[in-house]
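Next come the chains, spelled out residue by residue.
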Amino acid sequence: MRTDDLHLHVRGESTYVDDLPSPAGCLVALPVGSPEAHGRITKLDVGGALGGSEVVTVLTAADIPGQNQIGAIIQDEPLLAAEEVHHVGQPVALVLAESLAAARAARKQVVLEIDPLPAVLDPREAAAQGQLLQPARTFAIGDVDAAWESCAVVAEGRVETGAQEHFYLETQSALAVPQEDRTLLVHSSTQGPTAVQKAVSLALDVPMHAVEVDVRRLGGAFGGKEDQATPWACLAALGADHTRRPVRLVLDRADDVVMTGKRHPYSSDFRIGLDGDGKVLAYEVTYYQNAGAAADLSTAILERSLFHSTGSYHVPNVKATAFSCRTNITPNTAFRGFGGPQAMFVIEAALEKGARALGKPLHQVQRANLLNEGDVFPYGMHTEDCKAIRCWEEADAVFGFADLTAAAARHNAAHAGTKKGVAVMPVCFGISFTNTALNQARALVHVYHDGSVNVSTGAVEMGQGVNRKMRSIVAGVFGIDTGRIRLDTTNTGRVANTSPTAASTGSDLNGAAAKLAAEMVCARLLQVAAKKLDADTGELAIAGGIVVRDGAPTELGWDELVQAAYWSRTDLSAHAHFATPDLHFDKTSEKGRPFAYHVYGTAVTEVTVDCLRGTYRVDAVRLVHDLGRSIDLATDRGQIEGGLVQGIGWLTLEESDHDSEGRLRHDTASKYKVPDFDSVPNVMDVRLLEDPNGRAVLGSKAVGEPPFMYGIGAWFALWDALRAAKPDLNAVHTAPLTPERMLLLLAGEED
Amino acid sequence: MMELRLLLNDRPVVLRAAAGRSTLSWLRETRELTGTKEGCAEGECGACAVLLGEPTADGIAYCAVPACLLPLGELAGRHLVTIEGLNHPDGLGPVQQALVDQGAPQCGFCFPGIVVALTGYFLTCGRPDPVAAVAALDGNICRCTGYASTVRAVENICRELAPHLNATSTRVADLVTARVLPGHLNAAPRALSALAADAGSAPAATLVGGGTDLLVQRPDELAAAEVVFASCRPDLRTITRDLTDLIIGGAVTVSELGRHPDVAACLPDAPEMAARFGSTLVRNRATVAGNLVNASPIADLAILLLAHDAELVLERDGGARRLPLRAFYRGYKDIDLAPGEIVAAVRVRPPAAGTVTNFEKISKRRNLDIASVNGAAVLRVDNDAFAAADLTVGGVAPVPFVAVKTAAFLVGKPVTAKTLHAAADVLDQEIAPIDDVRGSARYKRLAARRILFAHALKTAPNLLSVEAFV
Ligand SMILES: Cc1cc2nc3c(=O)[nH]c(=O)nc-3n(C[C@H](O)[C@H](O)[C@H](O)COP(=O)(O)OP(=O)(O)OC[C@H]3O[C@@H](n4cnc5c(N)ncnc54)[C@H](O)[C@@H]3O)c2cc1C
Ligand code: FES
Ligand code: FES
């Protein structure tokens, strides 16, 4: 019987790329990054680096046999910079050496001279200079311009949200092993094996079938390995192709933090109009997304910001405009929520300011505008099976928003040194890749003739528990114990043309495909059983490892059945394909049905601020989450708690910005702080709304991303506490609200 | 290169290696013991936690340390236990099982380190206590889980193990019986004493305390250098008292300092300082002298000891001199320490009766973070006026700063909000913080003021109220 990954994890026996034993002759690769944010390369001399006896070679753009281009959506990103550099840390050369120590020493000897050009770091400035990745996109519904005059209050403001470093514990890594006939096996810590396969094939100018990408598991990813695992795999492959030796490339933390992109900072302007009851009549918003020096996935991320511009609310008149701005920082990329959190933060800020203008409590205004069944989103889709109000009401019933608020007010009246704050945060998140074509997946199921089962899908296990879910789905179809099933690596040779494991869709798509494949094999097995038992297949099923006839166990066990099937020359393997039905989106009208369904939930957060020191604690987050029917409860709970804490981190501690030269200020683990054991909420009370979902496998709902946005509540609870101390505060909504910013605001030294 | 003998998990190992190389890279690259992970290589994540065991009179004393900051040379004559060495041949120990039962691991990368750090806790704790056990994970970062499932597991393990753990003297045996440790740990003291002693080291060598600064700041250099270890000098590792002073050996670790009863008695603010210093893993390595010599303007221990007007005992070639710590810091990273001279001990006089001491640290993250601003105060109030004052502030000057003028201003003044606001203005004149990644100069000025107020509020809670300061 096979135990699952958890056993391996706690024994330190699960392997990540850097744990694979080095093949004989393996070289170490180390990228050389640009020290400048923008400039022309005037000299790149690798001669000095070649001196060391252990240094094999140093590769530059000229050594790339195929195309020097890895841009996935827009072709604007070289693998190695040739003439110009566009951000600090941009790879310009690759050192290949016998050891890491030799590679590190050699890297210091590479001479790189750059004639600096002006660097643009601010997205608004980039937009003003016309540095846009694509023309602005606008989602609109109703008529905002006409609506303002019917509003009782109109509030305007500016919102800033910061970058977020993924800080996956396993840094970017790849091991490329040359095989015969100029083919390559690439072990990559990637969410997108096919993306890596394609990029390697283009860089080396070989067909995709010459590149096999294999992924066992990732030590965390969160979007940071959707597109940005690719350069490192390509560089390792380039080194392997060039030297015909295996090449390992593992970024150390310091290089990883500097050389890879983060969650996009956004700078936004909003205008919101409400009627006297607190109903939002009109909402206008403009997003300036700081994309960084190349497109990466920025335009897709921007699109999701537009989809989520109205958060969990129904707004009849909306105009949302978004600019994807090219700047001279490391290209930013996917991160849990994919542009959704940035947009949701803005609508919450707008509601907060609107509620204040109206003199109503924020949660009353939030509640008054929650999505209802059948409401239309600005992109034309209507809510179906909408749970926004249900989650809110359940959370209110169990946790008592009014009681929590009253308790905070009582505390605040009695204490000058500390203030408590409370905020409610409703979440509505659309599930599907917004690029409709990506909503497809495949799976391959083999039943071996000893009865053990091997499953391959396009999904990559990165801690989200997709493999556990796959096992459970396949075990359910076959009616056998999960211990008989092994999830094989995600391998482009076994499952081709995979979509990245992203957008929370990994188990929806691949689980559906695995279910179909298992059902195909199961149907054949039941035919064999029918013959053996002289029964009709319709009477038969497999449960508990035994064939049952009309619910009663027969003599025929799984192993015996599989044997019989094999000896009667039955195909015990199946490959299946799944594509999410009913999806469409028209980018000209910006209308359609881009999502299979939405996930809802409501969280209430309580915080305490130390007004003397500006430090704070999140006391509690209590939430009701719309989970559908859970395939694996412990996994789903872990996703909710983990997502929530990451969201809190984004808005509180996690600060990542650049100096005026475009150099990252928080460039090491000692400077960039993610939540630790101590900084998480003292209480995390997770309640689940379990109601089967008609639009995903086994009634489940995707769970990876939505909980991240509960973290936004922490910011607004801190704001609430801050306002208890400073009622006249009228500052910009800026995140993260670090202890530094908190103290400056408390002291009235910042606006 | 140095030849050293150690016990690695269940077997003796002899190796020739650069003594300053990190144990993590050796384990992963040379020994292919890949259960110990690299998440940061600077002591910030705990993915690389290992147990380091040192022979004592009655067995081996273990503690969890970050392998990335552990110089190989420190392994001489020691027992190194990695996650592989904690595994039973098959099945799971109770710590591992409790984590699995809660479905705690997600990507799994951080969990070998968490298992090791928890085991380190059970090896050293009194009665298992979930709060203390979670606190012992203050050096372990997990990016996936949000920690809640691990906390639930820790509560369960503590409950399960409590009846099985007796005195710490039989701890290894108890933990073997409880299956937290595999059987080979019982045999380790004998295996360790069978190792031959190591050769002494070269004279003109870099002195390593815990290596927690050196391995972060100069790893490549250290791997190539001759190094000697302060831990080889048992006389530098004691905490004693004489008639007047508390005497802390230079090689005493911050953990040892934080839990020593004499320290708590003489320097009541030291345990709080220690609790906020780095993480359990770092404190188990970081030494007192290393903190002082490193001369960071924000060094927590330096800030504390300067407020107490501590004195250094410096030693070279058998000779010794004494130097007030306040004279030690001459400028940014410029200290009064001759080549070859070592910090043998720090002498501190316990504050007079009626004195209040307070240590404050404002950092972005409460634990495992360098302060934006820290400060210590030794204050005495008589007849509602400040009778004596010593104040230090970190992060506001090129050196750990002694706020002499502010302290002088306070003495003789009545304990009122007005006095303190005026004193804060004096402080503001005295300090010269700069903008950096730990905060803007503006913020540091404000934080320094607030720290002064916090000291006063603690010293004279009956005379002052917080309203006047927020
Ligand atoms: C993750 C992490 C967190 C940290 N957190 C904190 C924190 O919260 N607060 C804080 O103040 N610091 C912190 N530090 C800094 C560091 O741990 C401390 O300064 C520590 O006390 C240094 O001691 P060490 O023994 O490890 O020094 P080492 O690295 O061994 O040595 C530092 C310097 O001191 C010299 N030296 C060592 N011992 C002696 C001696 N006996 N005589 C003369 N010279 C000597 C060495 O030659 C070297 O120049 C942190 C470091 C890390 C890596
Ligand atoms: S690798 Fe992060 S603490 Fe050692
Ligand atoms: S489980 Fe992924 S870092 Fe902890």
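Analysis parameters
- Residues numbered from 1 in each chain as written.
- Chains lettered and ligands numbered in written order.
- Predicted model: local features only at pLDDT ≥ 70, side-chain atom pairs only at ≥ 80, totals over all residues.
- Heavy atoms only, no water.
- Helix = DSSP H or I, 4+ residues; strand = E, 2+ residues; numbered from the N terminus.
- Rg over C-alpha atoms; globule rule 2.2 N^0.38 Å.
- Contact = heavy atoms within 4.5 Å.
- Buried < 20%, exposed > 50% of the residue type's maximum accessible area, 1.4 Å probe, protein only.
- Lys, Arg positive; Asp, Glu negative; His and termini not counted.
- Charge placed at Lys NZ, Arg CZ, Asp CG, Glu CD.
- Buried area = accessible area lost by both parts, 1.4 Å probe.
- Salt bridge = Lys/Arg side-chain N within 4 Å of Asp/Glu carboxyl O.
- Polar contact = N/O pair within 3.5 Å; in protein donor to acceptor, adjacent residues only side chain to side chain.
- Nonpolar A, V, L, I, M, F, W, Y, C, P; charged D, E, K, R; others polar.
- Near = heavy atom within 4 Å.
- Areas by Shrake-Rupley, 256 points an atom, 1.4 Å probe, with all protein chains shown as cover.
- Domains from an automatic or database assignment.
- Phe/Tyr/Trp six-rings, centres within 6.5 Å; stacked < 30°, edge-to-face > 60°.
- Lys NZ or Arg CZ within 6 Å of the ring centre and 35° of its normal.
- Pairing = 2+ DSSP bridges.
- Disulfide = S-S within 2.5 Å.
- Expected span 1.5 Å × (residues − 1).
- Arc of directions from axis to C-beta.
- Axes fitted to C-alpha atoms, helices over the stretch in contact; angles between N-to-C directions.
- Core = buried A, V, L, I, M, F, W, Y, C linked by side-chain atoms within 4.5 Å.

Trainee: I keep staring at the overall build of chain A and nothing clicks. Help me out?
Mentor: Looking only at helices and strands, chain A has 18 helices and 30 strands in total. For a compact globule of 751 residues, the expected C-alpha radius of gyration is about 27 Å, and chain A comes in at 27 Å, within 12% of that figure. If you line up chain A on its principal axes, its C-alpha atoms span 80 × 75 × 50 Å. Within chain A, counting contacts between residues at least 6 apart in sequence, those at least 24 apart form 79% of the total.

Trainee: Would you mind showing me how to read the overall build of chain B here?
Mentor: Broken down by element type, chain B carries 20 helices and 18 strands. By the compact-globule yardstick of 23 Å for 470 residues, chain B fits well, its C-alpha radius of gyration being 23 Å. Referenced to the eigenvectors of the C-alpha coordinate spread, the extents of chain B come out at roughly 70 × 55 × 45 Å. For chain B, the proportion of its 470 residues judged to be buried stands at 60%. Counting contacts in chain B only where the partners sit at least 6 residues apart, residues at least 24 apart contribute 62% of the total. Put simply, chain B has 46 plus and 49 minus side-chain charges, and the middle of one group is 2 Å from the middle of the other.

Trainee: Looking at this structure, how should I read the interface of chain A and chain B?
Mentor: Quoted interface sizes are often the accessible area lost when the parts come together. Counting residues at the interface gives 74 residues for chain A and 77 residues for chain B. Of the roughly 6100 Å² buried at the junction of chain A and chain B (both faces included), carbon and sulfur atoms supply 57%. On the surface where chain A and chain B come into contact, there are 13 salt bridges. Here chain A is connected to chain B by 36 residue pairs in polar contact (both at pLDDT 80 or more). Looking at the side of chain A that touches chain B, the elements that each hand over two or more residues are helix H1 (5-11), helix H2 (100-109), helix H16 (633-651) and helix H18 (739-746) of chain A. Here the side of chain A that touches chain B gets 8 residues from one element, more than from any other, and that element is H16(A). Classifying every residue of the side of chain A that touches chain B by side-chain character gives 29 nonpolar, 21 polar and 24 charged.

Trainee: Any chance you could explain the site of ligand 1 here in plain terms?
Mentor: Residue and element names in this part refer to chain B. Leu-207, Gly-209, Gly-210, Thr-212 and Thr-287 are the nearest of the 31 residues found near ligand 1. Within the backbone of Leu-214, an N or O atom sits 2.8 Å from an oxygen atom of ligand 1. At 3.0 Å, a side-chain N or O of Asn-291 approaches an oxygen atom of ligand 1. Within the complex, 92% of the 980 Å² of free accessible area of ligand 1 lies under protein. Mapped onto the shell around ligand 1, the elements with two or more residues apiece are strand E6 (206-208), helix H9 (214-217), helix H15 (288-294) and strand E14 (342-348). The biggest single contributor to the shell around ligand 1 is H15, with 4 residues. Here the shell around ligand 1 is built from residues that sort into 15 nonpolar, 9 polar and 7 charged. Two domains each donate at least three residues to the shell around ligand 1, and these are domain 1 (2-193) and domain 2 (233-469).

Trainee: Looking at this structure, how should I read the packing of aromatic side chains?
Mentor: The geometry of an aromatic ring pair is captured by the separation of the ring centres together with the interplanar angle, meaning the angle of the planes. In total, this model carries 23 aromatic pairs over all chains according to the counting rule given. Both rings, one in Phe335(A) and one in Phe708(A), keep their centres 6.3 Å apart while their planes meet at 50°; by these two values the pair is tilted. Of this pair, Phe335(A) sits in the loop between strand E15 (317-326) and helix H9 (340-358) while Phe708(A) sits in the loop between strand E29 (683-689) and helix H17 (712-725), and the two are 373 residues apart along the sequence. A residue is classified by how much of its surface remains accessible, and Phe335(A), at 2% relative accessible area, is buried. Measuring from ring centre to ring centre gives 5.3 Å for Tyr121(B) and Phe122(B), while their planes differ by 70°; the resulting arrangement is edge-to-face. Like Tyr121(B), the residue Phe122(B) is buried in the burial classification. Grouping aromatic residues by their ring pairs yields a cluster made of Phe139(A), Phe307(A), Phe377(A), Tyr379(A), Phe585(A) and Phe595(A). Lying across the ring of Phe167(A), Arg253(A) places its NZ or CZ 4.3 Å from the centre. Of note, Arg263(A) hangs over the ring of Phe335(A), and the distance from its end group to the ring centre comes to 4.5 Å.

Trainee: Teacher, can you tell me more about the pairing of E15(A) here?
Mentor: Regular strands show a simple pattern: their side chains alternate between the two faces of the sheet. Residue and element names in this part refer to chain A. With 8 of its 10 residues buried, E15 lies for the most part within the structure. Bridge count for strand E7 (residues 137-141) against E15 is 5 bridges, and the pairing is antiparallel. Considered in E15, the bridge of Phe-139 is made with Ala-320. Pairing of strand E14 (residues 280-292) with E15, which is carried by 10 bridges, proceeds in the parallel orientation. If you follow Tyr-287 over to E15, its bridge partner there is Ala-322.

Trainee: Before we go on, may I ask you to explain the state of the cysteines in this structure?
Mentor: The term disulfide refers to a covalent linkage connecting the sulfur atoms of a pair of cysteines. Residues and elements named next belong to chain A. In this structure the tally under the stated criterion is 0 disulfides over all chains. Among the cysteines around Cys-26, which has no disulfide bond, Cys-234 carries the closest sulfur, lying 17 Å off. Using a relative accessible area of 13% as the deciding quantity, one classes Cys-26 as buried.

Trainee: Mind showing me how you'd approach helix H12 (residues 401-414) of chain A here?
Mentor: The periodicity of an α-helix, 3.6 residues per turn, causes residues three or four places apart in sequence to face the same way. All names here are of chain A. Compared with the 20 Å implied by 1.5 Å per residue over 14 residues, the 20 Å span of H12 between its first and last C-alpha is a close match. Those residues of H12 that fall on the buried side of the exposure criterion are Phe-401, Leu-404, Ala-408, His-411 and Asn-412. Looking straight down H12, one finds that the buried residues subtend no more than 100° of arc, so they occupy a single side. Opposite the packed face of H12, turned more than 90 degrees from it, sit the exposed residues Ala-402, Asp-403, Arg-410, Ala-413 and Ala-414.

Trainee: Is there a simple way to think about H9(A) in this case?
Mentor: Compared with the 27 Å implied by 1.5 Å per residue over 19 residues, the 27 Å span of H9(A) between its first and last C-alpha is a close match. The buried count for H9(A) comes to 16 of 19 residues, which makes it a mostly enclosed element.

Trainee: Is there a simple way to explain the pattern of salt bridges in this structure?
Mentor: If the charged atoms of two oppositely charged side chains come close together, the side chains can form a pair. The tally for this structure, following the rule as stated, stands at 85 salt bridges over all chains. In this structure, Lys587(A) and Glu303(A) form a salt bridge, with 3.7 Å as the shortest nitrogen-oxygen distance. Remark: Glu303(A) occurs in helix H8 (residues 298-307) and Lys587(A) occurs in the loop between strand E25 (584-586) and strand E26 (591-593); sequence separation between them is 284 residues. Using a relative accessible area of 54% as the deciding quantity, one classes Lys587(A) as exposed. In this structure, the salt-bridge partner of Glu360(B) is Arg613(A), at a minimum N-O distance of 2.6 Å. Of this pair, Glu360(B) sits in strand E15 (residues 355-362) while Arg613(A) sits in the loop between strand E27 (597-610) and strand E28 (616-626), on two different chains. The class of Glu360(B) is buried, set by a relative accessible area of 9%.

Trainee: Can you help me understand the sheet that holds E14(B) in this one?
Mentor: Pairing between sheet strands relies on hydrogen bonds along the backbone, with the strands arranged either parallel or antiparallel. Residue and element names in this part refer to chain B. What the 5 strands build is an open sheet, ordered E8-E9-E14-E10-E11; its pairing is antiparallel. At either end of the open sheet lies a strand with only one pairing partner, and these are strand E8 (239-241) and strand E11 (319-324). Taken over all neighbouring pairs, the strand axes of this sheet differ in orientation by 25° on average, direction set aside. Across 6 bridges, strand E10 (residues 311-316) lies against E11 in antiparallel orientation. From the neighbouring strand, Leu-314 faces E11, where its bridge partner is Arg-321.

Trainee: Just checking my understanding: could you explain the nonpolar core for this structure?
Mentor: For soluble globular proteins, the rule of thumb is that nonpolar side chains tend to be buried together. The biggest cluster of nonpolar side chains holds 178 residues, and the ones touching the most others in it are Tyr283(A), Tyr287(A), Ile712(A), Tyr62(B), Leu118(B) and Phe122(B). Val252(B), Met273(B), Ala289(B) and Leu305(B) belong to the second largest nonpolar core, which has 43 residues in total.

Trainee: Can you walk me through the side chain of Thr490(A) in this structure?
Mentor: Residues and elements named next belong to chain A. When you line up the elements, Thr-490 lands in strand E20 (residues 490-491). With a relative accessible area of 4%, Thr-490 lands in the buried category. Every residue in contact with Thr-490, bar those within four places of it in the chain, is listed here: Pro-193, Val-213, Asp-214, Val-215, Thr-457, Gly-458, Ala-459 and Val-460.

Trainee: Could you clarify how one ought to interpret the sheet that holds strand E2 (residues 39-45) of chain A in this entry?
Mentor: Residue and element names in this part refer to chain A. The strand order across the open sheet built from 3 strands is E4-E2-E6, with neighbouring strands paired in antiparallel fashion. Unpaired on one side and paired on the other, strand E4 (84-85) and strand E6 (111-116) mark the two borders of the sheet. Bridge count for E2 against E4 is 2 bridges, and the pairing is antiparallel. Across the sheet, residue Gly-39 finds its bridge partner in E4, namely Val-85.

Trainee: Where do I start with the environment of Gly465(A) in this structure?
Mentor: Looking at the secondary structure, you find Gly465(A) in the loop between strand E18 (453-457) and helix H13 (466-478). A sequence separation of 169 residues divides Gly465(A) from Ala634(A), and the C-alpha atoms of the two residues are 9.4 Å apart.

Trainee: Looking at this structure, I do not really get the domain arrangement of chain B. What am I missing?
Mentor: Residues and elements named next belong to chain B. What the domain assignment lists for chain B is domain 1 (2-193) and domain 2 (233-469). Using C-alpha coordinates to define each centre, domain 1 is positioned 32 Å away from domain 2. Opposite the 21 residues of domain 1 that make contact, domain 2 presents 11 residues. When the two sides are added together, the surface that domain 1 and domain 2 hide from each other amounts to roughly 1200 Å², 53% of it contributed by carbon and sulfur. By the criterion of area lost to domain 2, the three top residues of domain 1 are Glu-44, Pro-66 and Asp-138, representing 36% of everything that side buries.

Trainee: What's the story with the environment of Arg366(B) in this structure? I'm lost.
Mentor: With respect to the helices and strands, the residue Arg366(B) is situated in the loop between E15 and strand E16 (373-382). The sequence separation of Arg366(B) and Phe277(B) amounts to 89 residues, and the corresponding C-alpha distance is 9.8 Å. Look past the residues within four positions of Arg366(B) in its chain and what remains in contact with it is Asp678(A) and Arg276(B).

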